[in-house]
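# Notes for the structure review
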Amino acid sequence: MFPKLRQDIKSIIDRDPAARNAWEVITCYPGFQAIMMHGWAHACWKADLKWIGRFISYLARIITGIEIHPGATIGRRVFIDHGFGVVIGETAIVGDDCTIYQGVTLGGTSLHSGTKRHPTLERGVIIGAGAKVLGAFTVGEYAKVGSNAVVIKPVPAGATAVGNPAHIVRKDDNARSAQMFSAYGVTPNGDDPMSKALHGLINHAARQDEQMERMMATMKAAGINCPHMPECDKLDSAELNKLVE
């Protein structure tokens, strides 16, 4: 038990520049306290002491503002940062080295007792503040979920999901960069596929305008009269691309 707690404390100090020492983490970090109390509740739950497990988790919610069902499986070095309002359901599985911020829900959408109803987070997943991950699917290793996203389907390993409903904005195939810590699941310079598609359409339309102008100039040089294209009808691709950004 104590080696695991030492690992948890070290992981918090590594990921939170505000954490100054182990004593501060133990006494002032509700995420650490919630994980520790969940260990007690989970042990009771597995020993078929269901009510005691639920009561410990209830006390943990009162003390920390974090609700973790005693049936949930929590891995090593999991960091719940700030933590207030976090809810983790009964059949949820949180892998090693995951980071969860305040207001996150790992919830279930099924009412069938005894089945897997809640999500599985694989190693190194980061869930941003206010995000909701709902359903019995898997969020792959080192994936990131942006703040306030609503995830209702699997997220591939190394990907970043944002929005409501969430969509993939970045799939990082580079294992090293995918494993880099990213606070609140924010990935710098992430490419939104919708923005990329709009940029592509705008640039394609601008190239078509240029081709039309060259064709009209060629026809005019050949003595074929063509109506002049009004200035106001020309596509301002630079301005449109700024609007998309």
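Residues numbered from 1 in each chain as written. Predicted model: local features only at pLDDT ≥ 70, side-chain atom pairs only at ≥ 80, totals over all residues. Heavy atoms only, no water.

Under an unreviewed UniProt entry, the name given to the protein chain is Serine acetyltransferase, and the source organism is Massilia cavernae. Under the Catalytic activity (unreviewed entry) heading, UniProt states for the protein chain: "L-serine + acetyl-CoA = O-acetyl-L-serine + CoA". (UniProt positions renumbered as here; feature names shortened; annotations may be inferred.)

### Let's talk about the overall build of the protein chain
Across its full length, the protein chain holds 7 helices and 15 strands. Long-range pairs, those at least 24 residues apart, make up 39% of the contacts in the protein chain with a sequence separation of at least 6. (Helix = DSSP H or I, 4+ residues; strand = E, 2+ residues; numbered from the N terminus. Contact = heavy atoms within 4.5 Å.)

### Points about a nonpolar patch on the surface
The grouping of Leu49, Trp51, Ile52, Phe55, Tyr58, Leu59, Ile62 and Ile63 at the surface amounts to a nonpolar patch, some 810 Å² of accessible area in total. When its relative accessible area of 38% is taken as the criterion, Ile52 is described as partly exposed. (Patch = residues over 30% accessible without salt bridge, like charges linked within 9 Å, V, L, I, M, F, W, Y side chains within 5 Å. Areas by Shrake-Rupley, 256 points an atom, 1.4 Å probe, with all protein chains shown as cover. Salt bridge = Lys/Arg side-chain N within 4 Å of Asp/Glu carboxyl O. Buried < 20%, exposed > 50% of the residue type's maximum accessible area, 1.4 Å probe, protein only.)

### A word on the packing of aromatic side chains
Here the structure, examined in full by the defined rule, presents 2 aromatic pairs. Residues Phe55 and Tyr58 carry aromatic rings whose centres are separated by 6.2 Å and whose planes lie at 35 degrees to one another, so their mutual orientation is tilted. Taken together, the residues Phe55 and Tyr58, both in helix α4 (residues 50-64) and 3 residues apart, mark about one turn of the helix. You can call Phe55 partly exposed: its relative accessible area is 37%. (Phe/Tyr/Trp six-rings, centres within 6.5 Å; stacked < 30°, edge-to-face > 60°.)

### Details of helix α3 (residues 30-46)
Here α3 spans 24 Å end to end across 17 residues, near enough to the 24 Å set by a 1.5 Å rise per residue. Buried within α3 we find Gly31, Phe32, Gln33, Ala34, Ile35, Met37, His38, Ala41, His42, Cys44 and Trp45. Once α3 ends, the next one or two residues include Asp48, with phi positive near 70 degrees. (Expected span 1.5 Å × (residues − 1).)

### Description of the packing of α3 against α4
The relative placement of two packed helices is expressed as an angle between their axes plus a distance between the axes. Taken N-terminus to C-terminus, the directions of α3 and α4 make an angle of 170 degrees; their axes are 7 Å apart at the nearest point. By the criterion of interaxial angle, the relationship of α3 to α4 is roughly antiparallel. Of the residues in α4, those touching α3 at Pro30, Gln33, Ala34, Met37, Trp40, Ala41, Cys44 and Trp45 are Lys50, Ile52, Gly53, Arg54, Ile56, Ser57, Leu59, Ala60, Ile63 and Thr64. Considered class by class, the residues forming the contact of α3 with α4 number 12 nonpolar, 4 polar and 2 charged. (Axes fitted to C-alpha atoms, helices over the stretch in contact; angles between N-to-C directions. Parallel < 35°, antiparallel > 145°, perpendicular 65-115°, else oblique. Nonpolar A, V, L, I, M, F, W, Y, C, P; charged D, E, K, R; others polar.)

### Overview of the sheet that holds strand β5 (residues 93-94)
The strand order β2-β5-β8-β11 describes an open sheet built from 4 strands, whose pairing is parallel. The sheet is open, and its two edges are formed by β2 (73-74) and β11 (138-139), each paired on a single side. (Pairing = 2+ DSSP bridges.)

### Points about the side chain of Thr64
With respect to the helices and strands, Thr64 occurs in helix α4. One polar contact links the side chain of Thr64 to the main-chain carbonyl oxygen of Ala60, over a distance of 2.6 Å. Among the polar contacts listed, one links the side chain of Thr64 to the backbone nitrogen of Ile66, at a separation of 3.1 Å. Not counting residues up to four positions away in its chain, the partners in contact with Thr64 are Pro30, Gln33, Ala34 and Phe84. (Polar contact = N/O pair within 3.5 Å; in protein donor to acceptor, adjacent residues only side chain to side chain.)

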